[in-house]
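Notes for the structure review
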Amino acid sequence: MSWGTELWDQFDNLEKHTQWGIDVLEKYIKFVKERTEIELSYAKQLRNLSKKYQPKKNSKEEEEYRYTSTRAFLATLNEMNDYAGQHEVISENMTSLITAELTRYVQELKQERKSHFHDGRKAQQHIETCWKQLEASKRRFERDCKEADRAQQYFEKMDADINVTKADVEKARQQAQLRHQMAEDSKAEYSSTLQKFNSEQHEHYYTHIPNIFQKIQEMEERRIVRIGESMKTFAEVDRQVIPIIGKCLDEITKAAESVDHKNDSQMVIEAFKSGFEPPGDVDFEDFTQPMKRTVSESSLSNSRGDGKSEPKFGSKSKGKLWPFIKKNKPPPPPPASPSAVPNGPQSPKQQKEPLSHRFNEFMTSKPKIHCFRSLKRGLSLKLGAGPEDFSNLPPEQRRKKLQQKVDELNRDIQKEMDSRDALTKMKDVYIKNPQMGDAASVDHRLAELGQNIEKLRLEVQKFEGWLAEVEGRLPARSEQSRRQSGVYEAQNASGVNSCAQDRESPDGSYTEEQSQETEMKVPATDFDDEFDDEEPLPTIGTCKALYTFEGQNEGTISVAEGEMLYVIEEDKGDGWTRIRRNEDEEGYVPTSYVEVYLDKNAKDVHKPLQKISE
């Protein structure tokens, strides 16, 4: 079955068919190219999806990925990234093995087809030329035969006419002979041309055209085989990545099976455990008996403290804020002589003044400075800024943060030491080989590294001291219970509701001061014994009681008119000053009830209060 013998007369149809085959090949190339673009786009979208849900570095999200469920999700994201990489491999392999190869083959195929059909057209033109020569020879032979017949007839006519001279007859005879000779020559030429044409025609239809058509057939068959192989490669490229994709899916399954709900629950305990013990039973307060108390001693009493003597306020038995108890600040009672107290409660006449006038007085008064400063500190706590020693955190959480800080500083020290060692080696090389560099050029950097290392070591010592202090205060506990927690983080900004509550001294919220906690008059418990080594607040001045004050609310202390006391905490703008009578008694009194004398050499973070003139 050969196109040369079966399709010898279908030159035009073969030309159309081979062009259609090339169009099909180009269409398939376009299909594969679009498939590679889809694979690339899909891989890009998968990578973007994986990147979108990756935890951000140095953020809270990164800390959340310590749970098994979130770690499994992170593993899924990583595997999806690898999964996207396999689709990129598919695109690359299809581009190199199919698209590029077929594009090059199409160009070669077009050149080969053009060459074959050029040879076919040349053979067609040759046989057509032979045919034209045969037709011309035939017409010339026919014309010469007709001329010879007419010359013969003219001679016979002249020879029969008695009136024609002998010379005319001879001339006609010679003309007839000439025409006959020309006819014979044309006949011989026609016969030769005919034989030649038949030979050329036989050669054309039985040799040249079959050979050309056979080459075209082979070319077309190679095209068909090539497109079939490309389709097979198309499937093989996908099949090659199936095992790797299967491994990705297996890893996702493995990560999902590693999710441990019990472990996650335990990690929640470790993350948020405060280390405190729950409060004990509340004692019954008998109001039938007349009592004078400087502070309610029943709100935080522990059932284990039954039979203990009533504690006094001091450095050895300070009451601690309970994590979940919030107490209202007692309003300052009216003084004995209201008109003599600049900041005391207003008289009825003063209360009738316009609100705008009183607001202007407030805005021009000094306490507003404390108000806005207090609000600023409260907002800073709200935004996550805290003391350097993490004293605003519960014991477990503070120990955890301090340990992390120490580890971080130790890593920084190691990095600086590695850099110093590398520079030292470089300096030695420069000393041995001066042409490689100046040894003195690294001295400045070595000095900087030495200073940095010394600073970091001082920081480590500072944080290790705080860490030792915290670990010394914590009660004995098992390894499991030594995990840090963070229950109190939300309480750091509880004082932002009003301009004077960044350190709500009497009501029981934490203060912003470093390494210092708010104190209340509460009964001593076993919990208090754990912190009985806390140092008392330093004295920053003295004060004189202008009026008698009966401290009947929580956190307050009773004073008598004319009594001299120590000031341990200034008025933060909330109208209360913290004072101490002796090592065992301290509390809050209204600022308007005392005249404050601050010690200028005392170290305090706040500006001195304005003294009240006698």
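Residues numbered from 1 in each chain as written. Predicted model: local features only at pLDDT ≥ 70, side-chain atom pairs only at ≥ 80, totals over all residues. Heavy atoms only, no water.

**Quick word on the pairing of strand β3 (residues 541-545)**
Regular strands place their side chains on alternate faces of the sheet. Where burial is concerned, the two faces of β3 differ: the one with Gly541, Cys543 and Ala545 is buried and the one with Thr542 and Lys544 is not. One ladder, built from 4 bridges, connects β3 with strand β4 (residues 564-569); its direction is antiparallel. Bridged to Gly541 within β4 is Val567. Bridge analysis of β3 against strand β7 (residues 594-598) gives 5 bridges, and the strand direction is antiparallel. Within β7, the residue paired with Thr542 across the bridge is Tyr597. (Buried < 20%, exposed > 50% of the residue type's maximum accessible area, 1.4 Å probe, protein only. Helix = DSSP H or I, 4+ residues; strand = E, 2+ residues; numbered from the N terminus. Pairing = 2+ DSSP bridges.)

**Section: the sheet that holds β3**
Spatially, β6-β5-β4-β3-β7 is the arrangement adopted by the 5 strands of the open sheet, whose pairing is antiparallel. On the outer flanks of this sheet lie β6 (585-590) and β7, each paired with one strand and no other. On average, each strand axis in the sheet is tilted by 40° relative to the strand beside it, whichever way the strands run. Here 3 bridges tie β4 to strand β5 (residues 576-582), and the two strands are oriented antiparallel to one another. Each residue of the ladder has a partner; that of Tyr566, found in β5, is Arg580. (Axes fitted to C-alpha atoms, helices over the stretch in contact; angles between N-to-C directions.)

**Observations regarding the packing of aromatic side chains**
The description of an aromatic ring pair rests on the distance of the ring centres and on the angle between the ring planes. Going through the model one piece at a time under the given rule, you end up with 11 aromatic pairs. Geometrically, the ring pair formed by Tyr53 and Phe73 is edge-to-face, given 6.4 Å between the ring centres and 75° between the ring planes. One end of the pair, Tyr53, is in the loop between α2 (11-52) and α3 (60-64); the other, Phe73, is in helix α4 (residues 68-160), with 20 residues separating them in the sequence. Residue classification places Tyr53 among the partly exposed residues on the basis of a relative accessible area of 41%. Each residue in the set Phe11, Phe117 and Phe213 is aromatic and connected to the rest through ring pairs, giving one cluster. Between the NZ or CZ atom of Arg226 and the centre of the ring of Tyr105, over which it lies, the distance is 4.7 Å. (Phe/Tyr/Trp six-rings, centres within 6.5 Å; stacked < 30°, edge-to-face > 60°. Lys NZ or Arg CZ within 6 Å of the ring centre and 35° of its normal.)

**So, the packing of α4 against helix α5 (residues 166-257)**
Where α4 contacts α5, the two axes come as close as 7 Å, and the packing angle between them is 175°. Put simply, α4 runs roughly antiparallel to α5. Split into classes, the residues belonging to the contact of α4 with α5 amount to 46 nonpolar, 20 polar and 23 charged. (Parallel < 35°, antiparallel > 145°, perpendicular 65-115°, else oblique. Nonpolar A, V, L, I, M, F, W, Y, C, P; charged D, E, K, R; others polar.)

**Describing α5**
In this model α5 runs 133 Å from its N-terminal to its C-terminal C-alpha over 92 residues, within 8% of the 136 Å that 1.5 Å per residue would give. At His204, α5 shows its maximal bend, which comes to roughly 40°. (Expected span 1.5 Å × (residues − 1). Bend = angle between axes of the 7 residues up to and from the residue.)

**Points about the side chain of Asp144**
Mapped onto the elements of the fold, Asp144 is located in helix α4. Among residues more than four places away in sequence, those in contact with Asp144 are Arg179, Met182, Ala183 and Ser186. (Contact = heavy atoms within 4.5 Å.)

**Some points on the environment of Gln86**
Relative to the elements of secondary structure, Gln86 occurs in helix α4. Among the residues examined, Gln86 registers a relative accessible area of 12% and is labelled buried. Separated by 155 residues in sequence, Gln86 and Val241 place their C-alpha atoms 6.3 Å apart. If sequence neighbours within four positions are ignored, Gln86 has contacts with Val241, Ile244 and Ile245.

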